[in-house]
Amino acid sequence: MTSSNIEPLAREMAENICRRSGMSEADIPPWVDLHWSCAAAMLEAGVMDESGDWIDGRDVRRGLEAYRERFSASK
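These figures come from a predicted structure and were not determined experimentally.

What counts as what
Residues numbered from 1 in each chain as written. Predicted model: local features only at pLDDT ≥ 70, side-chain atom pairs only at ≥ 80, totals over all residues. Heavy atoms only, no water. Helix = DSSP H or I, 4+ residues; strand = E, 2+ residues; numbered from the N terminus. Buried < 20%, exposed > 50% of the residue type's maximum accessible area, 1.4 Å probe, protein only. Contact = heavy atoms within 4.5 Å. Salt bridge = Lys/Arg side-chain N within 4 Å of Asp/Glu carboxyl O.

Draft legend 1. Structural view of the environment of Ala 10. The residue Ala 10 is located in helix α1 (residues 7-20) in this model. Classification of Ala 10 as buried rests on a relative accessible area of 0%. A sequence separation of 42 residues divides Ala 10 from Gly 52, and the C-alpha atoms of the two residues are 8.5 Å apart. The residues touching Ala 10, leaving out its near neighbours within four places in the chain, are Trp 36, Ala 39 and Ala 40.

Written out as structure tokens, the structure is:
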């Protein structure tokens, strides 16, 4: 996946999600490496805010579609 200007924010979002869920600090970096692009897609689609919380009333499927598009573009 290509880097973008949203990557640092998306990585921070993913780290926050991990910490809130109680993940051990040692497990966070590899999880973030795998999932930051999903957080970026959710943010860009407007279904998740910058703290990594779902936005009420938004269709999560829009975020999933944005992630598919982001992933497909990286191939």
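Draft legend 2. How the structure looks around the pattern of salt bridges. Tallying each qualifying case throughout the model produces 8 salt bridges. For Arg 11, the salt bridge is made with Asp 33, and the minimal N-O distance between the two is 2.8 Å. With Arg 11 in helix α1 and Asp 33 in helix α2 (residues 28-45), this residue pair connects regions lying 22 residues apart in the sequence. Relative accessible area serves as the criterion here: at 48%, Asp 33 is assigned to the partly exposed category. Residue Glu 25 pairs with Arg 19 through a salt bridge whose shortest N-O separation is 2.9 Å. Arg 19 gets classed as partly exposed once you look at its relative accessible area, which sits at 41%. Overlapping salt bridges bring together Glu 7, Arg 11 and Asp 33 as one network.

From the geometry alone we can't say anything about function, so treat these as descriptive.
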